[in-house]
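# Examining the three-dimensional arrangement
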Amino acid sequence: MQPEYSLKVTHKAQLTKNALVLQFEMPEELARQFQFIPGQYITLVQEINSQEIRRSYSLCSAPRAQEWAVAIKRVDQGVFSNWAHDKLSVGDTIKVLPPEGRFILQPDAADQSHYMAFAAGSGITPIMSMIRSVLTQAPHAKFTLVYGNQNKAETMFAEDLADLKNTYPDRFSLVSFYSRETLEGARFGRIEASTVRHLMKQEYADTKFDQFFLCGPEAMIVVLKEVLQEFGGTSTNIHYELFFSVAQEPTESAQGQSTLRVVLDGVTDTFVINKDAPILDAVLAKDLDPPYSCQGGVCSSCIARVTEGKATMIKNQILTDSEVAEGLILTCQALAESDVISIDYDNV
Ligand code: FES
């Protein structure tokens, strides 16, 4: 069972017209459970219109600062984001799951790396925590951020980034792209293959980057994973996290039913499920309490191991080929393929 904790909102402020930052009070007794690595997220849980809604948000604060802050951008028709913007107030408490996530950067004092990150829109949030941590904890490391937005007014953390540039002029550099505004000192356009190639050849031809961190829409990540290979990127030094993932339809072959055996918290349950719906949905419908948060194949909370039978994933940008080969699945994306399937949440 995933532990949930009630945390009080101590600060709420607008970052832009459509984005806010929330900060939580952390009682001393919970500080250990809520320790995090830059890049990780927490999951907020709230009942809205009689339905429990969970949403994962990356922590944008630095762990060393002992602050737990997330940024929430208002999404058109977004039940949770609109509730957080319109109804949630300082002093309210909200249920929160402890930090998770594998998109991480853990700098130390001896680190001499030059990090490069690409972020689009609210994809900046985990990157903010990484930048703050590198600049404050690794005095010999450098960070270059390429940050894309439609215009300056909608750019989250614009002031914080300007402050960091002033404070660490030799170690932090920022390249801004705006797709709907021409501004001096910024580039016009999107982060895409042609603009990134041009940037890398023009500005960074003599710079060697050690690690790349990408956070934004799937299309941006797919392009950058390929383009960066021309500039020192490899499968081991390019790290990425999807924001705004695009839902995909189950395949046509997913028909019929399957007998699902689930091991969760040491207890085994067996029931029949439809092959055309994600395994996680079926497990939740049985009132079990599996780990999950985004339900979009983005966060990795819902991993389980297939111990018998076969499942296919609608989408997987998180698990490596070897993890898939050893039987791991994202249950929110997995459809049962065999007539009998056993999964184990406890053995991952
Ligand atoms: S719940 Fe987030 S990846 Fe499945």
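## Focus: the sheet that holds strand 12 (residues 238-242)
Two strands in a sheet stick together by hydrogen bonds in their backbones, pointing the same way (parallel) or opposite ways (antiparallel). Pairing in this open sheet of six strands is parallel, and the strands run 10-9-8-7-11-12 from one edge to the other. The two strands at the open ends of the sheet, each matched to only one other strand, are strand 10 (187-188) and strand 12. With five bridges connecting them, strand 7 (residues 114-120) and strand 11 (residues 211-216) associate as parallel partners. Bridging across to strand 11, Ala119 finds its partner in Cys215.

## Section: the nonpolar core
In terms of nonpolar packing, the biggest core is built from 64 residues, with Val70, Ala71, Ala117, Ala119, Ile127, Phe213 and Leu214 touching the most fellow members. Composition of this core by domain shows at least three residues from each of domain 1 (5-100) and domain 2 (114-242). Excluding residues that lie within four positions of it along the chain, Val70 makes contacts with Leu22, Ile42, Tyr57, Ser58, Leu59 and Cys60. By size, the runner-up hydrophobic cluster in this structure holds 23 residues, among which are Ile273, Leu328, Cys332 and Ile341.

## As for the confidence of the model for the protein
Put simply, the protein has an average pLDDT of 92, and 96% of its residues get 70 or more. When the elements of the protein are averaged for pLDDT, strand 4 (residues 51-58) gives the smallest value, 88, and strand 8 (residues 142-149) the largest, 98. Contacts of residues 245-253 to residues separated by more than four positions or lying in other chains number 11 contacts, the stretch itself having pLDDT below 50.

## Comments concerning the pairing of strand 13 (residues 257-264)
In terms of strand pairing, strand 13 meets strand 14 (residues 267-274) through eight bridges, oriented antiparallel. Looking at strand 14, one finds that Val263 is bridged to Thr268. Counted between consecutive antiparallel strands, the loop separating strand 13 from strand 14 contains two residues, among which Asp265 sits at a positive phi close to 55°. As defined by bridge partners, strand 13 adjoins strand 19 (residues 340-344) across five bridges and the pair is classed as parallel. Each residue of the ladder has a partner; that of Val263, found in strand 19, is Asp344.

## Quick look at the environment of Val196
The residue Val196 is located in helix 4 (residues 193-203) in this model. Residue class for Val196 comes out buried when judged on the 22 C-beta atoms lying within 10 Å of it. Expressed as a C-alpha distance, the spacing of Val196 and Gly297, which sit 101 residues apart in the sequence, is 27 Å. Leaving out residues up to four positions away in the same chain, Val196 has contacts with Ile191, Leu224 and Val227.

Cut-off values and rules
Residues numbered from 1 in each chain as written. Predicted model: local features only at pLDDT ≥ 70, side-chain atom pairs only at ≥ 80, totals over all residues. Pairing = 2+ DSSP bridges. Helix = DSSP H or I, 4+ residues; strand = E, 2+ residues; numbered from the N terminus. Core = buried A, V, L, I, M, F, W, Y, C linked by C-beta atoms within 7 Å. Buried ≥ 20, exposed ≤ 12 C-beta atoms within 10 Å, placed from the backbone. Domains from an automatic or database assignment. Contact = placed C-beta atoms within 7 Å. pLDDT = per-residue confidence, 0-100.

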